[in-house]
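# Topology and contacts: notes
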Amino acid sequence: MAGDGLEGRRILVHVCGGIAAVKAPELITGLRKEGAEVRVVMTAAATAFVAPLALQALSGHPVAHPGRGAAVDEAGMPHIDLSAWADCHLVAPATATTIARLAVGLADDLVSATLLATRAPVLLAPAMETGMWENPATQANLGKLRSRGLHLVGPLSGRLASGREGMGRMAEPAQLLEAARLLVEPRRELAGVGVLVTAGGTREPIDPVRYLGNRSSGRMGLELARAAQRRGATVHLVTCAELDGSPVGVEVVTVETAQEMLAACRELIPEVSLLLMAAAVADYRMAHPSAQKMHRSEHPTLELELVANVDVLGELVAERPAACKVVGFAAETEDFRRRGREKLAAKGCDLLVANPVSGEHSAMGGEEAEAVVLYPDGREVELPYAPKSLIAGRILDLAAGLLDQSRGAPGAG
Ligand code: CTP
């Protein structure tokens, strides 16, 4: 089963001859980390910047380049086969020469011939010196390509190969990954479904400048929101974390405390069929937060009186519409499976995602996580250590399965 945006997707990376070709290894590695199958085509000039053998090792497939002939594997795979194979093409870097070739419709090397033959989406990541970029010839060529439906990402302004500053740096591999995710055919299994995601660690004020918080980065919640959006859902994200790039089209409500999170979620819960409660809610808050900044000179020692916080998930489970499914999360430093099971039962969730947060595979604050998804009937699904974007995609697939069951169940409304 295909998982998240790039999982199982076939991406053909076209590497052209410019210094930004040295970023191809990072791009290919990033695509494969997200589960894409990657093949590589290079122009002759590109092979002077990065070795085909390196890209072969990273992509896991022989690389097509003029020194090797048109074949991509031993059976031979000319431009027509390659263009039919690809779900999406990334041209990175797209040099002024290749852009000109594409604009004219030339097919005199494997890159241009494959791109001329394809019906799949094409993403160009231009990279060149500022003068070449600004030249009316280049801009006219790009205008033609845009009007034919090719997509562009970048270039960026910054330090160029010449050492000068200016427009023309290739977009960063992370931006290319994001653009590729949007380009590959979107999955629509959550089309029309309202999804509410909570993210980040709540901040409970001690005084106007200090708070009680935790190490949650909000990354899992953000990835869940992205994964839901890519499946066509209408997504609301209630977050305590300052997010690094909130997904376009997701409605974001920023809150600080557990009480504020509950209030924001209460407004949204009637509209959604799925609640993904990934926030790390502080268990305690100050009984009496200080209205003024506290000073050490006035408090040589300090005792804070804390009271138990509202259980946001518990309240929402009790108040949710009957058809709304709820996924809880539990980050545990020990015995995460057993504790996760106890919380699943105690909180009345339909699924619970338990993560270990100690040791080298800690999910807290990092880019990667491992988890086990627990069902009330005793079933368990292991999600091995992987980038949070992939883990989020798997969780969404499992959560979507809950909705299918309730839609398909006799008498379900
Ligand atoms: N949660 C919540 N409100 C709280 C505490 C937790 O909504 N005050 C939610 C979390 O978002 C998560 C789930 O409950 O989805 C489990 O959170 P966790 O902190 O692991 O559990 P606690 O209820 O705090 O239990 P304990 O302190 O005993 O570990």
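Everything in this summary refers to the structure shown in the same document. Keep in mind that this is a model prediction, so the values were computed, not measured. (Residues numbered from 1 in each chain as written. Predicted model: local features only at pLDDT ≥ 70, side-chain atom pairs only at ≥ 80, totals over all residues. Heavy atoms only, no water.)

### Notes on helix 1 (residues 24-33)
Here is the rule: Summary of the burial criterion: residues with accessible area below 20% of their type's maximum are buried, those above 50% are exposed, and those between are partly exposed, where the area comes from a 1.4 Å probe applied to protein chains only. Strands here are runs of E lasting at least two residues and helices are runs of H or I lasting at least four, both read from the DSSP assignment and numbered beginning at the N terminus. The arc in question is the one traced by the directions running from the helix axis out to the C-beta atoms. Note on definitions: a residue-residue contact is assigned when non-hydrogen atoms from the two residues lie within 4.5 Å.
For helix 1, the set of buried residues is A24, L27, I28, G30 and L31. For helix 1, the angular spread of the buried residues around the axis is 160 degrees, confining them to a single face. Helix 1 presents E26 and K33 as exposed residues on the side facing more than 90 degrees away from its buried surface. The inward-facing, buried residues of helix 1 abut strand 1 (10-15), strand 2 (37-42), helix 2 (52-59), strand 3 (88-94) and helix 8 (173-183).

### Description of the side chain of S216
The test is simple: Distance and chemistry together define a polar contact, namely a pair of N or O atoms within 3.5 Å, with one atom able to donate a hydrogen and the other to accept it when in protein, and with adjacent residues in sequence counting only for side-chain atoms on both sides.
Tracing the chain through its elements places S216 in the loop between strand 10 (210-212) and helix 9 (219-230). Overall, S216 belongs to the buried group, its relative accessible area being 18%. Looking at S216, its side chain comes within polar contact range of the main-chain nitrogen of G218, at 3.5 Å.

### Let's talk about the pattern of salt bridges
Close approach of charged atoms lets side chains of opposite charge pair. We apply this condition: For salt bridges, the criterion is a side-chain nitrogen of Lys or Arg within 4 Å of an Asp or Glu carboxyl oxygen.
Enumeration according to the criterion identifies 25 salt bridges in this entry. A salt bridge links D335 to R338, with the nearest nitrogen and oxygen atoms 2.6 Å apart. The exposure class assigned to R338 is partly exposed, which follows from its relative accessible area of 40%. Where D377 meets R379, a salt bridge forms, and the shortest distance between an N and an O atom there is 3.1 Å. In this structure D377 comes out as exposed when scored by relative accessible area, which is 55%.

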